[in-house]
Amino acid sequence: MRKNIVAGNWKMNKNLQEGIALAKELNEVLTADKPNCDVIICTPFIHLASVTPIVDKNIIGVGAENCADKAAGAYTGEVSAEMVASTGAQYVILGHSERRAYYHETVDILTEKVKLALANNLQPIFCIGEVLEEREANKQNEVVKAQLASVFSLSAEDFSKVILAYEPVWAIGTGKTATPEQAEEIHAYIRSLVAENYNAEVAENTSILYGGSCKPTNAKELFAKPNVDGGLIGGAALKAADFKGIIDAFK
Ligand code: PEP
């Protein structure tokens, strides 16, 4: 059975001390009131080695927000998948729309990143989603299909470690959420593509998260849809109470 997951994406927020404080607070509240889903926090690189030892890994998994498309060597400023894994992190967000848009990450670059993440035992949280003009032109299905090429060349065994996150770019950080019906429609389509590329069992076992202005007030109705297996949360992951409110949507 696929897992229900709530994952936070801190983006470029929180200095080290603030990040440690947030991770500690989250660990405390989730230890006191255990979640009914998997919980992951994805933090800036510099936080990883400090955050992994302070969270109970039976309750909170830790991930990075990116990794390099090269294994090692003269790539000044880059952080490899192996380095991420050496901090104790178990996940890595790949293909976030901000990386695709601002850092020109292409399908080919992301294919390399996915392979390196898996080779280093990191589970990719692989993001896909269309921009507003593509949605308005009703091109969302072809956009996500093309983006999935970065993970669809994996073996079924490797693909089973991938978590998908559908994030319509027009809903990220805008306060504009996809309706539960819009989310369900495209999540069902994404799952059908997984079935076509692999098989029905692989598709049934793939967690597909929704991301884009998810909040405690709208999480329950989004997560209630049969093909929405949780959320990837940006802004609302920066406050323990808000993040917990979203996690509690599974209660
Ligand atoms: C994100 O960037 O992954 C995201 C979903 O952001 P927000 O929740 O702030 O829209």
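Residues numbered from 1 in each chain as written. Predicted model: local features only at pLDDT ≥ 70, side-chain atom pairs only at ≥ 80, totals over all residues. Heavy atoms only, no water.

Q: Help me out: how do you make sense of helix α13 (residues 240-247) in this one?
A: Counting along an α-helix, one turn takes 3.6 residues, and residues three or four places apart therefore face a common direction. Taken residue by residue, α13 has Ala240, Phe243, Lys244, Ile246 and Ile247 as its buried positions. Seen from one end, α13 has its buried residues packed into an arc of 155°, which puts them on one side. On its buried face, α13 is in contact with β1 (5-9), α1 (16-32), β2 (38-43), α12 (219-223) and β8 (230-233). (Buried < 20%, exposed > 50% of the residue type's maximum accessible area, 1.4 Å probe, protein only. Helix = DSSP H or I, 4+ residues; strand = E, 2+ residues; numbered from the N terminus. Arc of directions from axis to C-beta. Contact = heavy atoms within 4.5 Å.)

Q: I would appreciate a short explanation of the side chain of Asn218 in the present structure.
A: On the secondary structure map, Asn218 appears in the loop between β7 (208-211) and α12. A polar atom in the side chain of Asn218 sits 2.7 Å from the backbone nitrogen of Lys215. Asn218 has contacts with Thr177 and Ser213, leaving out every residue within four places of it along the chain. (Polar contact = N/O pair within 3.5 Å; in protein donor to acceptor, adjacent residues only side chain to side chain.)

Q: Is there a simple way to explain the pattern of salt bridges in this structure?
A: Close approach of charged atoms allows side chains of opposite charge to pair. Counted by the stated rule, this structure contains 15 salt bridges. Between Glu204 and Arg2 there is a salt bridge, and its shortest N-O distance comes to 3.1 Å. Linking Glu204 in helix α11 (residues 200-205) with Arg2 in the segment before β1, this pair joins segments that are 202 residues apart in sequence. Here Glu181 and Lys225 are joined by a salt bridge, their closest N and O atoms 3.6 Å apart. Of this pair, Glu181 sits in helix α10 (residues 180-197) while Lys225 sits in the loop between α12 and β8, and the two are 44 residues apart along the sequence. Given the relative accessible area of 48%, Glu181 is considered partly exposed. Each member of the salt-bridge network shares a partner with another, and the members are Arg2, Arg191, Glu204 and Asp229. (Salt bridge = Lys/Arg side-chain N within 4 Å of Asp/Glu carboxyl O.)

Q: I keep staring at the environment of Ser80 and nothing clicks. Help me out?
A: For Ser80, the position within the fold is in the loop between β3 (60-64) and α3 (81-86). As for Ser80 and Cys214, which are separated by 134 residues in sequence, their C-alpha atoms are 30 Å apart. The contacts of Ser80, once residues within four sequence positions are left out, are Cys67, Ala68, Lys70 and Ala71. There is a polar contact of 3.0 Å between the side chain of Ser80 and the backbone nitrogen of Met83.

Q: Can you help me understand the pairing of β3 in this one?
A: Regular strands place side chains that alternate from one sheet face to the opposite one. With five of its five residues buried, β3 lies for the most part within the structure. In β3, alternate side chains face the same way, and those of Ile60, Val62 and Ala64 on one face and Gly61 and Gly63 on the other are all buried. As judged from the five bridges shared by β2 and β3, these two strands associate in the parallel manner. Bridging from a neighbouring strand, Ile41 pairs with Val62 of β3. For the handedness criterion, the β-α-β arrangement of β2, helix α2 (residues 45-51) and β3 is classed as right-handed. Taken together, the two bridges between β3 and strand β4 (residues 91-94) define a ladder with parallel strand orientation. Bridge pairing links Gly63 to Tyr91 in β4. Viewed along the sheet, the connection from β3 through α3 into β4 turns out right-handed. (Pairing = 2+ DSSP bridges. Right-handed = clockwise from strand over helix to strand, strands pointing away.)

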